Structure formats: structure tokens, C-alpha cells
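Tertiary structure, described
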Amino acid sequence: MGNANIMAIPPLGSDELGTEAIPSDHYSSQAFFEQEKEHIFKKTWLMAGRESDVAEHGDFITYFIDALETSIIITRDQHGQVNAFYNACTHRGAHVLTEPCGKAKFMTCDFHGWVFDSEGKLADVPGEELFGDLDKSKLGLKPVSVDVWGGFVFINLDPEPSVSLKGYLKPLNESFDKYLGNKDWTWSYGWRSTFNANWKLLVDAQIEGYHVDQTHRNTIAGAIPGTHAPSIAYPDSIGVPARISAYRPEHMMGVQTDVALLSAKHGATSLYTKPEKEFSADDGEGVLNEDHPLWIFDAYLLFPNVVLFVQKGQILVQRTLPITPSECLWEVDFYHTGDVEDFGQLFNSEQGRIQIRDVLTEDLYTAEGIQMNFNAGVIKEIQINQQEMPIRAYYHRLMSAMKGTGE
Amino acid sequence: MSEVTARPDVSDIEVEINLWALPTTEDRLVKRMNSTMDEINSFHYAMLPKLPAIIEYLNQFKLTDLAGDDLKLSRAALAMCEVDNAVYKWKTPILNTGIDTLRMVKKSGFSDRVIL
Ligand code: FES
Ligand SMILES: [Fe+2]
């Protein structure tokens, strides 16, 4: 396939996404925010953890959705099943677990010591006779819908999700499930922060290539020209509105430093340097666009709040969560294959980590100013061009979800 | 086992190594942010000619076996990653077109969030 084809940008208004300006009140309105809680955060599949963090019976992780004040427990039970529950003791409502992760085949509530097993069943009540006739079988932890895809644990607060996780994530098929779920991926590093910005603004920042030349002028602008970041929409998908890709330029612009070149000899943890190494997670039939000599990564928008960067040798996950209309939690996590065992690998990891860190500081720079202008009512609508199409696709998906159809 | 690579002679840049051989990425970030461009350049250009040999030398060992002067040397080499953008791209110790890097708090795992 020639470059011209791969780099093609969809024409304005294609996929029935329209061409009109997009209103900005969904980033700032308290009323809209309340509706988002109901129609989005209580109805869609949310990436809550990594399956390898609950690898064995008794392993648990917790997941907190600030805006809903809802804490979720995810466990692995004795049958090997992954379960999710509200982190809410059925005695008087305390959080049963207060740690982010750990191991407890039996989870004991700190308040009065009720004990739940990893299937959520109420296993023991201290002084049970004090309650008279207590039916323990009815007082298990309240279950939450859960499923695993690509090695990630997703939860859904809808007791009966309108679509399965697998169906939700189409067009991402079994190859993606297999590639991303490869046991060799291990968590390498990550950061979190809070921002005075709507949770969707930090998603927007990662799903268009138009910003690259200007925003990243002091870091990687030459390594991924804006024109080398084509996107496509998936109008029939429920959970994956769009994808953006990144390709190197034919002739590398900007500075390729000695440090970057030395790093590239030992791995590919920098997004922006071509690796000279093979990776164990290589079962990505149709996942990696390796046939194209300039391809770097594809980034998928997983509605509502995840941007999943898929490349050779690296997975990058950005997640955001709402706190208030104008405040959000932001997190990124990186997965790599193979342990860092020798210094060359450590050097490569360090170089990649620092480069992406500095790039992210640029990506995060504009959101709070934008939010102020939305809150102040100075900007009431935003203009979206061809290259920014995924933002339009995201907006359309958002509005369809808000209709309460769950789809 | 391939041939053993000898330790490069770094005696002439010992001063720079001592200044920048800090234990963590975060320590080295703060060091860069608190340094002048002259100090950064001085470290970078002292290390640069020897860096390929340093990496090759250190790469012979398991990371867990690095100790003493070699551990120190490895930290100084990693600091080269920290100053790279300042030297070549920003020409200033701190990028002024991004958020304060210290706002990005290091995570310890995918699920590591303490809520209460
Ligand atoms: S609230 Fe949990 S044991 Fe009482
Ligand atoms: Fe960016």
C-alpha cells in the first residue's frame, strides 16, 4: 500500500459526522455532568485493572470512580474466575478493602470484622447470634458486571449491560485480544495527576494529529509530522469511535540525538525511535502495521475515557476519570515485554520514559486554559477540521450515549 | 561469552559524574530543573564522548550486580537521558511549553490508587 493511501485523511463530514462547530457546554455544564454519570459511567464498560494483577486466587485490586463515589473490588476466586463487587460491606456500609491491591482469600471489613470470600459470599460474622436470624446467603457483596479483554479487566455498573465487552470493543477483534493479553507484557511505569479540566479534554488531546507540529515543537514535532497522523472513524462501533495512527516522516526532521540513537540499540521504549530489537509479544496478526516501514503506533479511543496506544514492544494506556465537570484524574501506564536486566535495557527504558514524560507535559499544558474559557462562557463552540475528526466521532458517540440507549 | 569490555577511563570527568549520579529519575529531574544551562552543558559534553563505551561496559553486567563506582557511573549515564532535551531542543533547563513535570506523580503499578 502506498503512503498516499495510508496517510489519507477522511473528507470533512464523512461517516455522517457533520461539519458544524461543536458546542462546548458538555465540557462545563453541571447538568450535563450529572447526565454523564447516569448514562455513561453507570452504563458503559470501563477499564478498571489489569488481569495479571489478579493472577491468583485471593489477589484483589480496587478501582474508584470519583464522580460516583463508587469503589469497586476485583478479585480472583478459587475457581479461577475474575469477579467484581461494590466495595461496600453489607453490615453497615463500610469499605471492605482500603488498599489499592493485595492478596486476601477472605476479605475482612475493618469496622466489625465481617468476612467475605473472593466470590463475594459472606463467610463469617463475628457474634452472629447477636443478629438473631441472619441469612448470610443474602448478604454477599453486591456484584458488578465484569469481563476481561486484551488482558485488561473492564467493569460495567449496569447489572445487565446492553452489549458484551467483546461486542462493545468491535472492530478490535481476537487478534487484539491476543496481542494485548500476551502474558509477557509487564507494567513498567506510569504517572497520575489531577487537572482543573473536564475529563474529556485530556482524551481530546491524544486523538488528533493536528496539534503535533505546534504543541510538540520543543520535543517530537519532527519525528511525527501532523500530516503523518491519519485517523479513521468506526461509525458502527459502540465502544471504539475512532483511531489515530502515527507514522515517521520519510526523512527524519528535528534532532535525533546521540542519546536517542544509543538508546535505540537496546530496545524500543521510545515511541519515536525505530527499534533494533525483536519482541516476545509478536502475535499481533493484523494488529501491528509492520508492513509499513514508517508506522509507529495506532491509538484507539475506547469510549468513554481510554486512549490505548498499540505498538511493537509497547502498550500505553491513558485513562481519565471525572471528579467534577471542571476537574479530573489523569493516568498513563506503560507495558513492555521482557524484564529490564542489563544496563542497555535500563538506558533504553530511561530514555523512552523521559522522552514520553516531556511530551506528555506538553499534551497536558493546554487543557486547564481551555476549561477556563469554557467555564467563563467566552468560548461557546469549537471548530473541528479534517485532521481532528476523532474528536467529532467522540462527540457523536457521547451524544448518542447520552440519549440513554446504552448504545 | 563474548569478549570482556574494559572499563573506560573516566577519571578526568569524575567531578561531573559525582554531581549527577543521583539514585532516581526524579532526583535527576530535580537536579536538571535546578541547574543552569552552563552546568547542564558542562555535564553533557564531558560525558558524551565516553557514553557509548560506558554503556557497552556497564551492559556486561546484570543490573543487580552493579555496585560501587559502576553503580555511580550508571546513574550518571542515565542522567544523560534527563538532560538531552535541555541541551539539544530547549536550550534552557526547563521546558516552558509544558506543565510542571513535578505535577506528574510517579505510579507504582496499574492499580495503585489509595482513595481514603
Ligand atoms: S460495616 Fe463492615 S463489619 Fe460492620
Ligand atoms: Fe500530543
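About the criteria used
- Residues numbered from 1 in each chain as written.
- Chains lettered and ligands numbered in written order.
- Predicted model: local features only at pLDDT ≥ 70, side-chain atom pairs only at ≥ 80, totals over all residues.
- Heavy atoms only, no water.
- Helix = DSSP H or I, 4+ residues; strand = E, 2+ residues; numbered from the N terminus.
- Buried < 20%, exposed > 50% of the residue type's maximum accessible area, 1.4 Å probe, protein only.
- Contact = heavy atoms within 4.5 Å.
- Lys, Arg positive; Asp, Glu negative; His and termini not counted.
- Charge placed at Lys NZ, Arg CZ, Asp CG, Glu CD.
- Phe/Tyr/Trp six-rings, centres within 6.5 Å; stacked < 30°, edge-to-face > 60°.
- Lys NZ or Arg CZ within 6 Å of the ring centre and 35° of its normal.
- Donors = N, O, S within 2.8 Å, 3.2 Å for Na, K, Ca; no water.
- Buried area = accessible area lost by both parts, 1.4 Å probe.
- Salt bridge = Lys/Arg side-chain N within 4 Å of Asp/Glu carboxyl O.
- Nonpolar A, V, L, I, M, F, W, Y, C, P; charged D, E, K, R; others polar.
- Pairing = 2+ DSSP bridges.
- Domains from an automatic or database assignment.
- Polar contact = N/O pair within 3.5 Å; in protein donor to acceptor, adjacent residues only side chain to side chain.
- Core = buried A, V, L, I, M, F, W, Y, C linked by side-chain atoms within 4.5 Å.

1. What about the overall build of chain B?
Of regular secondary structure, chain B possesses 5 helices and 1 strand. Secondary structure elements of chain B, listed N to C terminal, follow the sequence α-α-α-α-α-β. For chain B, buried positions account for 48% of its 116 residues. Taking the intrachain contacts of chain B between residues at least 6 apart in sequence as the baseline, contacts between residues at least 24 apart amount to 78%. Here chain B contributes 14 positively and 17 negatively charged side chains, and the mean placements of these two sets differ by 8 Å.

2. Topic: the packing of aromatic side chains
By the definition in use, this model includes 17 aromatic pairs over all chains. Look at A:Phe152 and B:Phe110: their rings are 5.8 Å apart centre to centre, the planes differ by 50°, and that puts the pair in the tilted class. Here the residue A:Phe152 occupies a position in strand β11 (residues 152-156), and B:Phe110 occupies one in the segment after β1 (105-106), the pair thus bridging two chains. Here A:Phe152 and B:Phe110 have matching classes, each one buried. Aromatic pair A:Tyr189 and A:Phe334: ring centres 4.7 Å apart, planes at 35°, arrangement tilted. Here A:Phe334 lies in strand β18 (residues 327-337) and A:Tyr189 lies in strand β12 (residues 185-195), a separation of 145 residues in the sequence. You'll find A:Tyr189 and A:Phe334 in the same group, each marked buried. Every member of this aromatic cluster is reached through a ring pair, and the members are A:Phe152, A:Tyr335 and B:Phe110. Lying across the ring of A:Phe152, A:Arg50 places its NZ or CZ 4.4 Å from the centre.

3. A word on the coordination of the iron ion (ligand 2)
Residue and element names in this part refer to chain A. Summarising the metal site, the iron ion (ligand 2) is bound by the protein donors His211 (NE2), His216 (NE2) and Asp363 (OD), whose distances to it range over 2.0 to 2.1 Å. Here the donor residues of the iron ion (ligand 2) are spaced in sequence according to H-x4-H-x146-D. The pair histidine 211 / histidine 216 is uniform in exposure class, with both members buried.

4. A few points about the interface of chain A and chain B
Accessible area lost on assembly of the parts is the figure often given for the size of an interface. Across the boundary between the two partners, chain A contributes 60 residues, which contact 45 residues of chain B. Carbon and sulfur atoms supply 60% of the area that chain A and chain B bury against each other, a total of about 4,700 Å² over both sides. At the junction of chain A with chain B, the criterion picks out 8 salt bridges. The shortest N-O distance in the salt bridge between A:Asp333 and B:Lys107 comes to 2.8 Å. Broken down by element, the residue count for the side of chain A that touches chain B peaks at 14 residues, all from helix α8 (residues 343-363) of chain A. Across the side of chain A that touches chain B, the residue classes tally to 28 nonpolar, 15 polar and 17 charged. Looking at chain direction, β12(A) and β1(B) are connected through 2 bridges and run antiparallel. Each bridged residue has a counterpart across the sheet, and for A:Trp191 the counterpart in β1(B) is B:Lys106.

5. Let's talk about the pairing of β11(A)
Residue and element names in this part refer to chain A. Across the 5 residues of β11, 5 count as buried, placing the element largely inside the fold. What you see with β11 is no split at all: Phe152, Phe154 and Asn156 on one side and Val153 and Ile155 on the other are buried throughout. With 4 bridges connecting them, strand β2 (residues 46-50) and β11 associate as antiparallel partners. Bridge pairing links methionine 47 to phenylalanine 154 in β11.

6. Remarks on the pairing of strand β17 (residues 314-324) of chain A
All names here are of chain A. Within β17, 9 of the 11 residues are buried, which leaves the element mostly enclosed by the surrounding structure. Linking two consecutive strands that pair antiparallel, namely strand β16 (residues 306-311) and β17, is a turn of 2 residues; a positive phi of about 80° is found at glycine 313 within it. In the sheet, β17 pairs with β18 via 10 bridges, with the strands oriented antiparallel. Across the sheet, residue leucine 316 finds its bridge partner in β18, namely phenylalanine 334. Following β17, the chain reverses through 2 residues before pairing antiparallel with β18.

7. Quick word on the domain arrangement of chain A
All names here are of chain A. Domain annotation of chain A identifies domain 1 (3-41 + 184-401) and domain 2 (46-160). Look at where the C-alpha atoms of domain 1 and domain 2 centre, and you get two points 32 Å apart. Opposite the 15 residues of domain 1 that make contact, domain 2 presents 15 residues. For the pair domain 1 and domain 2, the two sides together bury roughly 1,300 Å², of which 69% comes from carbon and sulfur. In this assembly, domain 1 and domain 2 are joined by 0 salt bridges. On inspection of domain 1 and its partner domain 2, the count reaches 2 residue pairs in polar contact (both at pLDDT 80 or more). Listing elements by their share of the side of domain 1 that touches domain 2, those giving two or more residues are α2 (30-41), β16 and β17. Among the elements that take part in the side of domain 1 that touches domain 2, β17 stands out by supplying 5 residues, more than any other. Here the side of domain 1 that touches domain 2 is built from residues that sort into 12 nonpolar, 1 polar and 2 charged.

8. Describing the nonpolar core
Grouped together as the largest cluster of nonpolar side chains are 99 residues, with contacts concentrated most on A:Ile74, A:Ile155, A:Leu302 and A:Leu308. Among the elements that line this core, the one with the most residues is strand β15 (residues 295-302) of chain A, at 7 residues. Here this core spans two domains, and each of domain 1 (3-41 + 184-401) and domain 2 (46-160) of chain A adds at least three residues to it. Other than its neighbours up to four places away in sequence, A:Leu302 contacts A:Met47, A:Phe154, A:Leu169, A:Leu172, A:Gly239, A:Val240 and A:Leu308. If you look at the next biggest cluster of nonpolar residues, it comprises 35 residues, including B:Ile13, B:Leu48, B:Ala79 and B:Tyr88.

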